[in-house]
Amino acid sequence: GREARPAASPFATGPARLEEALRAVLPPVRGLARARTRAAWLPSANGTPLPGSPLIAPEADGRPAALTPWRVETIELRAEEAVGLLAAAHGRDVLAPGLAVSRDLAFWAAALRFAAALVARERFLPAVVAEDCAWRARWTPVYDAADAGRRHALAAAMPGACRALTEARAAAPPVVSAAEAVDAVVDLLLDHLVRSAAPRPAPRTPESAHEAWLAGLFDADGAIAWPAAELPDLARAVRAWRRPVAIAAAAPFRLCFRLEEPPPDGPASWSVRYLLQSRRDPSLLVPAEKAWNGPAAARLLDAASVREPLLAALGQASGLCPPVEQSLRGPAPAGYETDTRGALAFLTHSAAALEQAGFGVLLPSWWAGSGTRLRLGVRGQARSPKLKESGAGVGLEELVKFEWQVAVGGEPLTAAELQALARAKEPLVRVRGQWVHVSAEQIRAALELWRKKPAPVSMRDVLRLALGGQPEALPLPVEGVEASGWAGEVLARLSGRAAFEELPPPAGLRAELRPYQRRGFSWLSFLRQWGLGACLADDMGLGKTVQALAHLLHARGAAGWRPALVVCPMSVIGNWRREAERFAPELPVLVHHGAGRGRGEAFARAVHEHALVITSYALLQREAERFAEVEWSSVVLDEAQNVKNPETRQARAARSLPAAHRIALTGTPVENNVGDLWSLMEFLNPGLLGTQADFKRTFFLPIQAGRDAAAAERLRRATGPFILRRLKTDRSVIADLPEKMEMKVFCTLTREQASLYQAVLSDAEKAMAKVDGIARKGVVLATLSKLKQVCNHPAQFLADNSPLGGRSGKLARLAEMLEEVHQAGEKALVFSQFAEMGALVVAHLQETFGREVPFLHGGVPRGRREHLIERFQSAEPGSPQVFVLSLKAGGTGLNLTRASHVFHYDRWWNPAVEQQATDRAFRIGQTRRVQVHAFVCLGTLEEKIDAMLEAKKGLAERVVGAGEAWLTELSTAELREVLALRPEAVAE
């Protein structure tokens, strides 16, 4: 073997950092395994491994590469740790800030899903394997033809890095094939998944090799505690037992069982028929008779042999359905006959067991909807209940009277018909020409409901029933709700059967609402009328804030109005204050944040002196009790994805707020999975989706793990009436929008930024007092540049390579907005006049999102420049979604029409220059509407100069055409006014 150790990889991570990263993702499981030094055989050129990702280093320039070993440190994971890591990595680009999901890790996460799918479908069997000079009990996969195809496709997609490791001094690269690697990992993952899910039997001393093997199937390491001399015989016996199952699994067809009901006028004789379903074409079903009668079935199913795998499959099924075993006593079993009770046994017991074992089961279409169900008839009061003093409607606690109807097979029955069914005592009966299954318990429960006079129920329960929920207290499933009066009106409008009233814009709104915005504000007001929470989930840029302000202005006219509370990220506080002052100046605004905020009685007085209170999630969490002491008229959560995790303190604090009406604003109502919806709806309409455990059982697991379309549709029905989602591509919206939408994004400074800003001002005043003329102009321009750097990020001003997160209001807001761009699958340009700030933005975005962010600046060679542009303009999956450009290098001459968002991170204060940069996206060839976001730091020179530019827009070219030079002509007093730091600049 090789004597010299490989050189250390320049991209390697030390074991301490590896373990730190893993602990950020994995739950604490018995500590991590020890580190080992290994060799990674990587394509290399010029004495350096080629980077596997642009997040590590720029792409290679096409140099010829050779496979070379490099020394790396590794940490071996136990199976449980590997499963935890791969489960966390699935579908994500980053596991934690700075911890990106590589292509090989994403590949093994896909392998975990493949193994989990096999487990979910019970495609595994126990085995005895020789491993590490010992015999072990293992659970191993059983592949059918479709699984084998998926395994082959998985192996074909394997990145080379998945097979790069060898022992540290290995003389040659690894020789394991992709298929062997996939099989080894899938076997390991599947064994752990089955072993961890199975209940562990009580320990006992085995009395035979067979018992020792069974015990090993549930032990952690699978060791078979029995003399090794007897285990080869056990292994042979297990292989013989597995053989028929393996034959059936490998067959090009699947055995199916079809239950056929009696003819309408004949005797009640039911049949179960055996069919062979082609795996290549599932619509092809061949009766078993053809399999016994000649080669025609083999030709149809593209099979070399049909009889042997069919007999093997029937033999396996006979243990699950006793009548199948009886049918095997005949010469060519093709099915069996049975009576009504036998048919019910097949429907209720055998069908599920056969299906779980992988057989096909075809049942009559009426079976899924059979049974005794309730139809709830709700009788509302003759007139709508009196509105609450808050003007927020009847609320979910309002009681309604109702009466039950009982339906069997979808047909409502009378009490006399129910009593006749009870006397018949048959489990399967014809009701008005249709077979249905009724149980004696259900019939008794239905008759009991007839006899009882039902007590009033809350509107919350009625809504849950109408939208597909099922309270556990009811003895029968509920089929539907028919309501009259005000309750019927609510249900009709929530279901879309009746339209809600479109309202005129409220008095005091200083904005012209587009038609879709008017519909959105009216929808919010409609739900408020009935005390129902609402989630406005419009795309970014469609004006969620102005719709919410219009709604609050309209609601303020109701009797008993109390202050409204807006909770948002710190980076958006300034934006809310500016939007409220601009669009709803009649709403007195209190920003409750920062060191000077009111406390105790001062807070209570200040709240009641204002119509709108704005605070942050961080402060809501810290002062939850103080906010909970106020009866709010409305609570608005902006960027409501911040409460997607119901266990966080800020989510619990939001749910604890007493409010007559609740609103959530978010462009991403579901970020990670449908579990986000429970937390959102629990804030908006508590209890509507049941408990978190109910939601997990009814919706989360069926949808996320089983991809259950019916469960997804039920969830859509339950949440749809309370979520208004409009996209920029919607036809009802697209006609309302201009081709280019320009908007200001007002950001606040952190305390660190404010401190640095004030220090720069102090130094500048001292310097200007000592100079005049050209020297004074130089001081002014230098001061402007420093202040802009402070507003951008302290790390740019200090140039000290310090951490980036949590130190700049601008950078935080940019990341939040780009999260929505990523979620929508759109592309964006980010401009900065400072190349060093562009580099910091790239570093932060790549660490936050785990995706490549190309950067075009003056130092990029022409060939590389064209390559970056070509990749960004590509429509291929995986092409960059965000492109950072320095204003000088990227402001002119480029065609970047794939972008539908343009962010001006810092301002050139020359409208013509900014317009040229914007026109990289908004130009001939652009087929999308372009949103332009100009960032402005509140209370700083950026806001003051922005206001001056707005006031002089008509003279912009003449006044500011020379960039920032015009500012040097201002007097010291005027400069002090422009540059001064005002209190609203700092949010905290």
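Thresholds applied
- Residues numbered from 1 in each chain as written.
- Predicted model: local features only at pLDDT ≥ 70, side-chain atom pairs only at ≥ 80, totals over all residues.
- Heavy atoms only, no water.
- Helix = DSSP H or I, 4+ residues; strand = E, 2+ residues; numbered from the N terminus.
- Buried < 20%, exposed > 50% of the residue type's maximum accessible area, 1.4 Å probe, protein only.
- Contact = heavy atoms within 4.5 Å.
- Areas by Shrake-Rupley, 256 points an atom, 1.4 Å probe, with all protein chains shown as cover.
- Pairing = 2+ DSSP bridges.
- Axes fitted to C-alpha atoms, helices over the stretch in contact; angles between N-to-C directions.
- Parallel < 35°, antiparallel > 145°, perpendicular 65-115°, else oblique.
- Nonpolar A, V, L, I, M, F, W, Y, C, P; charged D, E, K, R; others polar.
- Salt bridge = Lys/Arg side-chain N within 4 Å of Asp/Glu carboxyl O.
- Polar contact = N/O pair within 3.5 Å; in protein donor to acceptor, adjacent residues only side chain to side chain.
- Phe/Tyr/Trp six-rings, centres within 6.5 Å; stacked < 30°, edge-to-face > 60°.
- Lys NZ or Arg CZ within 6 Å of the ring centre and 35° of its normal.

A. Highlighting the overall build of the chain. Helix and strand counts for the chain come out as 38 helices and 33 strands. Buried positions account for 49% of the 988 residues belonging to the chain. Within the chain, residue pairs in contact and separated by at least 24 positions form 73% of the contacts whose partners lie at least 6 positions apart. Looking at the chain as shown, the accessible area adds up to about 45400 Å², and 54% of this sits on carbon and sulfur atoms.

B. Representation of the sheet that holds strand E22 (residues 564-568) within the structure. Spatial ordering of the open sheet is given by E23-E24-E22-E25-E26-E21-E27, a layout of seven strands whose pairing is parallel. In the strand order of this sheet, the two ends are held by strand E23 (589-591) and strand E27 (723-724), each with one partner. With respect to the sheet, helix H19 (residues 573-583) is in contact with E22, E23, strand E24 (612-616), strand E25 (632-638) and strand E26 (659-665), its orientation differing from that of E24 by roughly 165°.

C. Looking closely at the packing of helix H2 (residues 79-89) against helix H3 (residues 103-120). Two elements in contact, H2 and H3, have axes separated by 8 Å at closest approach and are oriented at 105°. One element, H2, and the other, H3, form an angle in the roughly perpendicular class. Residues Val 83, Leu 85, Leu 86, Ala 87 and Ala 89 of H2 lie in contact with H3, whose contacting residues are Leu 105, Trp 108, Ala 109 and Leu 112. Its residues placed into classes, the contact of H2 with H3 shows nine nonpolar, no polar and no charged.

D. Molecular detail of the sheet that holds strand E31 (residues 882-886). The sheet built from six strands is open, its strands ordered E28-E33-E32-E29-E31-E30 with parallel pairing. Of all the strands in the sheet, the pair left with one neighbour each is strand E28 (740-747) and strand E30 (855-856). Both strand E29 (residues 828-832) and E31 contribute to a ladder of five bridges, which runs parallel. Looking at E31, one finds that Phe 831 is bridged to Leu 885. On the sheet, helix H36 (residues 941-951) packs against E28 and strand E33 (930-937) and is oriented at approximately 125° with respect to E33.

E. Here's a closer look at the pattern of salt bridges. Applying the stated criterion to the full structure yields 42 salt bridges. Arg 36 is the partner of Glu 76 in a salt bridge, and the nearest nitrogen-oxygen pair spans 2.7 Å. Of this pair, Glu 76 sits in the loop between strand E3 (66-75) and H2 while Arg 36 sits in strand E1 (residues 35-45), and the two are 40 residues apart along the sequence. Owing to a relative accessible area of 32%, Glu 76 belongs among the partly exposed residues under this scheme. Here Asp 191 ties to Arg 195 by a salt bridge, and the two come within 2.8 Å at their closest N and O atoms. Here Arg 195 and Asp 191 lie together in helix H5 (residues 178-197), a separation of four residues that amounts to about one turn.

F. Fine view of the side chain of Ser 522. Here Ser 522 is to be found in helix H17 (residues 515-529). Here the side chain of Ser 522 touches Arg 518 through a polar contact of 2.8 Å, landing on its backbone oxygen. Those residues in contact with Ser 522 that sit more than four places away from it in its chain are Phe 500, Glu 501, Glu 502 and Leu 503.

G. Inspection of the environment of Ala 171 at higher detail. Counting through the fold element by element, Ala 171 comes out in the loop between strand E8 (165-167) and H5. Expressed as a C-alpha distance, the spacing of Ala 171 and Pro 69, which sit 102 residues apart in the sequence, is 9.0 Å.

H. Just the environment of Pro 244, in detail. Turning to its location among the elements, Pro 244 is positioned in helix H7 (residues 231-250). Taking C-alpha positions, Pro 244 is 7.7 Å from Pro 309, a pair spaced 65 residues apart along the chain.

I. Focus on the packing of aromatic side chains. Applying the stated criterion to the full structure yields 12 aromatic pairs. Between Phe 114 and Tyr 143, the aromatic rings sit 6.0 Å apart at their centres with planes inclined by 5°, giving stacked as the arrangement. With Phe 114 in helix H3 and Tyr 143 in the loop between strand E7 (134-141) and helix H4 (145-156), this pair connects stretches of sequence that are 29 residues apart. Tyr 143 shares its class with Phe 114; the two are buried. Relative to Phe 883, the ring of Phe 872 lies with its centre 5.3 Å away and its plane at 45°, an arrangement referred to as tilted. Residue Phe 872 is located in helix H33 (residues 862-873), and its partner Phe 883 is located in strand E31; the two are separated by 11 residues in the primary sequence. Its relative accessible area of 0% is what places Phe 883 among the buried residues. Among the aromatic side chains, those forming a connected cluster through ring pairs are Phe 124, Trp 139 and Phe 218. Just above the ring of Phe 603 sits the side chain of Arg 626; from NZ or CZ to the centre is 6.0 Å.

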